[in-house]
Amino acid sequence: MTTPVQAPAATAVFASGVTRAFGNREVLRGLDISIAPGEFVALLGRSGTGKSTLLRILGGLDPDYGGEALVPRRRAVVFQEPRLLPWQRVLPNVALGLAISGPNGRARLREQSLSALSEVGLASHARAWPVALSGGEAQRVALARALVREPQLMLLDEPFGALDALTRARMHGLLQDLCARHHPAVLLVTHDVDEAILLADRVLVLSEGAITIDLPVRLGRPRDRGHGEFTALRTRLLTELGVSVE
Amino acid sequence: MTVLGKSAKRGLPAAVTSPPGDPAAGASITLVRPSAAKPRRGGRIRIPRVARRVIGPVLVLIAWQLACTEGVFTSVEVASPIAVLDAARELWSQDVLQSNMLISLQRVVEGLVIGVAAGVALAVLCGLFWVGEDLFDPVIQAARAVPILGLVPLVIIWFGVGEFPKVFLIALGCVFPVYINTYAAIRGVDVKLVEAGQTFGLTRLGLVRRVILPGSLPGFLVGLRFALVAVWVVDVVAEEINAQSGLGYLINQAQTTDRTDIMFLCLAIYAILGLVADAIVRTLERYLLVWRHGFQGA
């Protein structure tokens, strides 16, 4: 861990001039991004534009970047796959890497993990093995595992990409509930324009290694995909992503 | 079109020609069932699985006994199962069988414990640290290529003829299979799980304890099974060459007195001990790898 650096006030993510190259290929070329505490930001981009690279840098999984990037200590990642440890039951998976010191630490940890599990509706699965879960259930456990640490920043890397449309719709609702209750800053990487507009306070588009679009979404919640402004935003973003809409 | 339901299956022609529908589609299509209906034979007698698995060995025993009594082999060439049983009774009553079996078992267990511990330790060292791998792995690979049995004369010069050289050879025999398999398993642990562990704040030690070692357990158990075979091979040779006790010694003694029945008895005991060891590892697997099948409890 590096020593804490003072970031501009009221920021959960501050990145400036971030670069990352793989061999000769420059994926990120001086990217700037800042996210306020409690803000939900969606990051769109065509495949191969470096969305996941940025997320891995912010998540601490890629130290080989240039420029400055600052994130809170309490952060959590939800990957596209649940990445649960198959040899641990659901509850210890949720508590992975957590320890509460002091008297009754273990019991309190167990209680917190259980309450995170019940927030995603899976309290009854605490003793199940990951292999016995469906794709949607496993991803909800991964959400609980992120939540239980009370993160100041949640990094979501296409967390619903592998789910079927029905399960994805339910997960959208669940994620919105959880964010309304816990107020973490969120960076959601996705390639689904509708998902971005549905969930985010602000939508960014990553292209050619930098943020090319930064659009606030000024729609009330719950959002209606048929709303005129929704459609207008969708058309605008799709055009930016190179998809022509007739 | 035909109905593909169960009731329609029997007594219908194998292929049906559908009536012409859309004349533009041309000739009508011949339809067949995707899989041929298999007639079930009723009244089959169900034999329990255990019984079915015993049938093979029992048939071998009967053939073996018949070959001996019918004079295919002389009693010096091959001892009959009954002669082997008699030998067992004779040696048991003299307390020869128990004492020698026990001493062999003791050597094997000691060697196994030391060898497995060393194999795991080396695998963790080389699997987790590049320095460990660069330093030790080439040496281990080279040592692995040396036939252990070729070391026996040297080991006698180094350590004499006591218990230590035997245990040493047995331990050496199981270091390599445990090392190779555990090392490969550690390197094969899913990087995605390691990353997940890292992002959720596991320390390096926590990562080893909660992600890497459990993930390499299946590979370790494969190595253990190989080791359990290797230990008996080394045990026989070590005891045949320089020992005053043990099953290998018993075989060697039997050779000087032409007691084929005792040789067969010792070999049979090795076979049974091997089966028992395998059963133990299988039970171990069932408990340790319960997460693979995901059933509740246990």
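That block above? That's the structure.
In this text the structure is predicted, and so the values were computed from the model without any measurement.

A. Summary view of the pairing of strand S7 (residues 185–189) of chain A. Residues and elements named next belong to chain A. Of all five residues in S7, five are buried; the element is thus mostly enclosed. Where strand S3 (residues 40–44) and S7 come together, four bridges link them in parallel fashion. Within the sheet, the bridge partner assigned to Leu 43 lies in S7 and is Val 189. Note: strand S6 (residues 153–157) against S7, five bridges, orientation parallel. Across the sheet, the residue bridging to Leu 155 is Leu 187, located in S7. One crossover worth recording links S6 to the parallel S7 by way of helix H5 (residues 165–182), and it is right-handed.

B. Structural context of the environment of Leu 61 of chain A. You can see Leu 61 of chain A is positioned in the loop between helix H1 (51–58) and strand S4 (66–70). Those residues in contact with Leu 61 of chain A that sit more than four places away from it in its chain are Arg 56 and Phe 79 of chain A together with Glu 195, Gln 198 and Thr 199 of chain B.

C. Fine view of the sheet that holds S4 of chain A. Residues and elements named next belong to chain A. Strand order in this open sheet of three strands is S2-S1-S4, and the pairing throughout is antiparallel. If you trace the sheet from one side to the other, it starts and ends with strand S2 (25–35) and S4, each paired once. Here the strands of the sheet are splayed against their neighbours by 20° on average, with no regard to which way each runs. Across eight bridges, the pairing between strand S1 (residues 13–22) and S2 is antiparallel. Bridged to Ala 15 within S2 is Ile 33.

D. Region of interest: the interface of chain A and chain B. Tallying the contact residues gives 26 residues for chain A and 23 residues for chain B. Here chain A packs against chain B, burying approximately 2,000 Å² in sum over the two surfaces, 63% of which is carbon and sulfur. Summed over the shared surface of chain A and chain B, the result is three salt bridges. In this structure, Glu 195 of chain B and Arg 83 of chain A form a salt bridge, with 2.9 Å as the shortest nitrogen-oxygen distance. Where chain A meets chain B, there are seven residue pairs in polar contact (both at pLDDT 80 or more). For the side of chain A that touches chain B, the elements supplying multiple residues, two or more each, are strand S5 (75–78) and helix H4 (135–147) of chain A. A per-element tally of the side of chain A that touches chain B places S5 of chain A first, with three residues.

E. Inspection of a nonpolar patch on the surface at higher detail. All names here are of chain B. On the surface, Val 50, Val 54, Ile 55, Val 58, Leu 59, Ile 62 and Leu 66 cluster together into a nonpolar patch covering about 620 Å² of accessible area. Among the structural elements, Leu 66 can be located in helix H1 (residues 49–69). Exposure remark for Leu 66: the relative accessible area of 46% places this residue in the partly exposed category.

Thresholds applied
- Residues numbered from 1 in each chain as written.
- Chains lettered and ligands numbered in written order.
- Predicted model: local features only at pLDDT ≥ 70, side-chain atom pairs only at ≥ 80, totals over all residues.
- Heavy atoms only, no water.
- Buried < 20%, exposed > 50% of the residue type's maximum accessible area, 1.4 Å probe, protein only.
- Helix = DSSP H or I, 4+ residues; strand = E, 2+ residues; numbered from the N terminus.
- Pairing = 2+ DSSP bridges.
- Right-handed = clockwise from strand over helix to strand, strands pointing away.
- Contact = heavy atoms within 4.5 Å.
- Axes fitted to C-alpha atoms, helices over the stretch in contact; angles between N-to-C directions.
- Buried area = accessible area lost by both parts, 1.4 Å probe.
- Salt bridge = Lys/Arg side-chain N within 4 Å of Asp/Glu carboxyl O.
- Polar contact = N/O pair within 3.5 Å; in protein donor to acceptor, adjacent residues only side chain to side chain.
- Patch = residues over 30% accessible without salt bridge, like charges linked within 9 Å, V, L, I, M, F, W, Y side chains within 5 Å.
- Areas by Shrake-Rupley, 256 points an atom, 1.4 Å probe, with all protein chains shown as cover.

The quantities given are spatial measurements derived from coordinates; they are silent on function.
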